[in-house]
Amino acid sequence: LQTKELMQPVAIANLDDAVPLLVASAPLLASGDAIATQLPLQWLDFTGRSDALGTRCLFASRRHEHSVFAPVPPERQLRVPAAAGAWQPVINVPADAIGKAALAEEEPWSVDLHPGGRRVRVAVRPGVLLARMLRRGTAMPAARFAWRVVNASTATALDDGTGGKPRRGLAELLGEFSILSNVEDAAHTQPPGFLQFPLRREQLRSLGWMINQERCRREPFVTELRESTACPDAPHWRLEGSLHCEYRGVKGGVLADAIGYGKTACTIGLVDCTAGERLPQVPEAFSRFIPSRATLVLVPTNLHAQWLGEITKFTGDRLKVLSVPTCAQLKSLTLRELMEADIVVATYRLFYSAPYLHRLEELVQTMRPDFTFPRCPQTVGSTAGRKLAAAKLTAEWASAYRTAFETLPSWAQQMPGRGHAGSLPPPATTPARRKQQRRDTADETPEQQAAPGQSQQWEGKGQARRRISAKSQTEESVEAVGDDLAAVATAAAAAGAATVTAAETNRAMKRRRLQGKQALQRPPQWKETSGGWTAAALELQYVPLEVFWWRRVVCDEFHELLSRYPPAQVAVEFFHADYKWGLSGTPPCQTLPQIRKAAGFLGVQLPTA
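The text that follows walks through the structure, step by step, so that each part is easy to find. (Residues numbered from 1 in each chain as written. Predicted model: local features only at pLDDT ≥ 70, side-chain atom pairs only at ≥ 80, totals over all residues. Heavy atoms only, no water.)

### A few points about the overall build of the chain
Right, so step 1: Helix and strand counts for the chain stand at 20 helices and 18 strands.
Right, so step 2: Taken across its 609 residues, the chain has 46% of its residues classed as buried.
Right, so step 3: The long-range share in the chain, meaning contacts at least 24 apart out of those at least 6 apart in sequence, stands at 74%. (Helix = DSSP H or I, 4+ residues; strand = E, 2+ residues; numbered from the N terminus. Buried < 20%, exposed > 50% of the residue type's maximum accessible area, 1.4 Å probe, protein only. Contact = heavy atoms within 4.5 Å.)

### So, the packing of aromatic side chains
Right, so step 1: Enumeration according to the criterion identifies 16 aromatic pairs in this entry.
Right, so step 2: Seen in terms of ring centroids, Phe197 and Phe314 are 6.3 Å apart; in terms of plane orientation they differ by 75°. Their pairing is edge-to-face. In this pair, Phe197 is assigned in the loop between helix H4 (170-174) and helix H5 (201-215) and Phe314 in helix H7 (residues 304-315), connecting sequence segments 117 residues apart.
Right, so step 3: Of the residues examined, Phe314 reaches a relative accessible area of 10% and is grouped as buried.
Right, so step 4: Taking 6.3 Å as the distance between ring centres and 55° as the angle between the ring planes, the aromatic pair formed by Phe286 and Phe289 counts as tilted. (Phe/Tyr/Trp six-rings, centres within 6.5 Å; stacked < 30°, edge-to-face > 60°.)

### Considering helix H10 (residues 354-364)
Right, so step 1: Most of H10 is tucked away, with eight of its eleven residues classed as buried.
Right, so step 2: Taken as a whole, H10 has its buried residues at Tyr356, Leu357, Arg359, Leu360, Glu361, Glu362, Leu363 and Val364.

### Overview of the sheet that holds strand E7 (residues 142-151)
Right, so step 1: As summarised here, the arrangement of the four strands in space is E4-E7-E9-E8, forming an open sheet in which the pairing is antiparallel. Each of the sheet's edge strands pairs with one partner strand only, and the pair in question is strand E4 (91-92) and strand E8 (221-231).
Right, so step 2: As defined by bridge partners, E8 adjoins strand E9 (residues 234-247) across eleven bridges and the pair is classed as antiparallel. Bridge pairing in E9 places Arg226 opposite Ser242. (Pairing = 2+ DSSP bridges.)

### A word on the nonpolar core
Right, so step 1: Grouped together as the largest cluster of nonpolar side chains are 121 residues, with contacts concentrated most on Trp237, Leu243, Tyr401, Trp550 and Phe575.
Right, so step 2: Here this core gets nine residues from one element, more than from any other, and that element is helix H11 (residues 384-413).
Right, so step 3: In contact with Phe575, other than residues within four places in its own chain, are Leu296, Phe351, Tyr401, Phe405, Leu545, Glu546, Trp550, Val553 and Lys580.
Right, so step 4: With 27 residues, the next largest nonpolar core counts Leu207, Leu319, Ile343 and Tyr579 among its residues. (Core = buried A, V, L, I, M, F, W, Y, C linked by side-chain atoms within 4.5 Å.)

### Looking at the pattern of salt bridges
Right, so step 1: What the rule picks out here adds up to 15 salt bridges.
Right, so step 2: Salt-bridge contacts for Asp112 lead to Arg121; the nearest nitrogen and oxygen are separated by 3.0 Å.
Right, so step 3: Of the charged contacts, one joins Glu362 and Arg359 as a salt bridge, the two residues approaching to 3.1 Å between their closest N and O atoms. Of this pair, Glu362 and Arg359 are both found in helix H10, three residues apart, which corresponds to roughly one turn of the helix. (Salt bridge = Lys/Arg side-chain N within 4 Å of Asp/Glu carboxyl O.)

### Regarding the packing of helix H6 (residues 263-273) against H7
Helix-helix packing is characterised by the crossing angle of the two axes and by the distance between the axes.
Right, so step 1: Relative orientation of the contacting elements H6 and H7 amounts to 60°, with a least axis distance of 10 Å. In terms of orientation, H6 lies oblique with respect to H7. In the crossing of H6 with H7, the sense of the turn from one axis to the other is right-handed. Between H6 and H7, the residues in contact are Thr264, Ala265, Thr267, Ile268 and Asp272 and Trp307, Glu310, Ile311, Phe314 and Thr315, respectively. (Axes fitted to C-alpha atoms, helices over the stretch in contact; angles between N-to-C directions. Parallel < 35°, antiparallel > 145°, perpendicular 65-115°, else oblique. Left-handed = near helix turned anticlockwise from the far one by under 90°.)

Laid out in C-alpha cells, this is it:
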C-alpha cells in the first residue's frame, strides 16, 4: 500500500514539528467511495477511530465488521519505514522546553485520510513525547533527545540502539546508592541569631553541609530516561524517546540525621544565615511565578506549633514568620506578606482542605471554565483493593492538580503590576457566602430573576423586608469604600433602596471587625518589594501557595509525606523553589521505587527499567 515513506534520518528543528512516516493508498469499498465523495477534499484526522471509518485494518488483520476499507492481506499491510526504526539525530533540548506544558497534552500520532486522492498519511510528533518526559520533573536538566519508531511485535531484546551489545542493567546505570556522612565535614559558624541557644558542633557540621549543597554542586547527576507511546490505530507501532539528562542545578537534598539530632534547629539556622539575601531570581522559563524570599516549611499538623516554638526559641523576633495551619489563616494574608516573610509554616493538611481546593478551582476556572477537582484521595488503606482504588484516585487527582498548577501562573501573570494593567481575581467565596447566595436566589420570584435591576418588596415569615436592587453591585461598592456602616447606607441609598436589612448591617459590621483583627496581626515594617507591583495587587488576600517561586521548600517528616499524604506528595513535588529539603530520621531508601519517589521531590527523574 505504501507509495512514499521516510528514507533518511530527520532532525527536528521545532518541538511542534510533525514528521511524516509514510503515505499509502487507501483501498476503499464501494461504501467507502460513497462516503469519500461527501467529505472535504483535504487531509482529515482519522486517528483513533473505532468505527467503520477506522484505519486499524491497514496496520493489522483485525477489521471492523462494517469497515469501509477493503481487506488487506498481511504482506500488503502498512509497515514501519526502515529509516524511522533507527535512532534519529540527537538534538539539544532548548531551555524553554520544560515550559511547554500545553504541548504534552496533544497527540503524538496522527493518521490522516485524504478523500479526494484516496490516500492515508501517518506522521509522528516527537516533540510531544519530549514534553511529556520533561513534565515529570521540575528541575530543568541539560538534556539531549533522540527518537525512533519501532514495531513492538518484531523488535528483539537487543534492538535498543546499543549495536547488538546487551544493555546495561539499571543498577549498573545508576551506580551504588548510599547515604553520605558529614563526620569529616568542617563545622559552620554559629547563625547570627543563635546567641542564647547555640548549635552543637555536630549540628554545625550539618548546617555547613546544607549551605554547601545550596551554594555549589560540584558534579552533575547523569541519567538516561526511556519512554514510548503507542499509535492509537496500531498498538504495536511505538514512538520511543531517549532523554539523556545532566542535572546540574539541583540544590538541596534530604537531611537524614538521627532522631533527636536537631534537624529542625539546623534548618532554622540555615534560614537565619541566609535571611538577608535578595529575592530569588526566577528562571526565564518560569517567569510567570511570583518570587518570594520566604522558606515554605510544610509539616504534619501535630508539629506545627512545635516549629513555631523552636523558631521563637532560637531567633526571637529576628525572623518574620507567618503561620498557616489551615485555610482560614491564609485568607487573611496578603500577597506582600507572603512575598516578604522569612518563614511560612504550613501543614500537609492544607492540601486536603475543601475550602483551599475550592479556591484553586475557582481561580483555575477563570482561565479554564470547565475545570473541576475529582474526589480528594485519602490515606492509603491496608488491603490490596483499597491500595488499588487509592492509587487510581491519586492518579486522577494528580492529573487534575497538575492542570491547576500549570494554569495558576497564567492567572498570576494577569495580575496588575506585572508590566500591564491586568485584573484582580474574583473574591474568595466562603461556604457562608455561597449559602447566602443560594438563599437569596431561592427567595427571588420569577419576575425578580427575570429583571434583577428592579426594586421589589414582598412579605416573608410575618415580617416586611425591603429588597435592595442590584445587590451584588451594592456589596462591591461597599467593600471598595471600607465596609463600614456609613458606606453601607450610602451605597444602598445610591442603589435606590429606602432601608437596609439587618442581615446586611451585621455582615458589614462583621467584615469591619475581621479586617481590624487582620490589621493587628500583620507583622510591621515589611521590606520594600521590587518589581513594580501596584498597591492593589500587593494587598490581595488569599493567594494560593502554588503561584510562588519560594527561596526554599522544607518538608518535615519526609518519610511520612511519601507514605501517608497522597495529595501533599503531588503538591510538593510540583512546588518551585531555589532549594528543596526533606527532613527525616528514617528516610525511605530501601527500594528503588522509594528512592525514585524521593528524587521526584527534588525534581529529578530516575529510570524505571
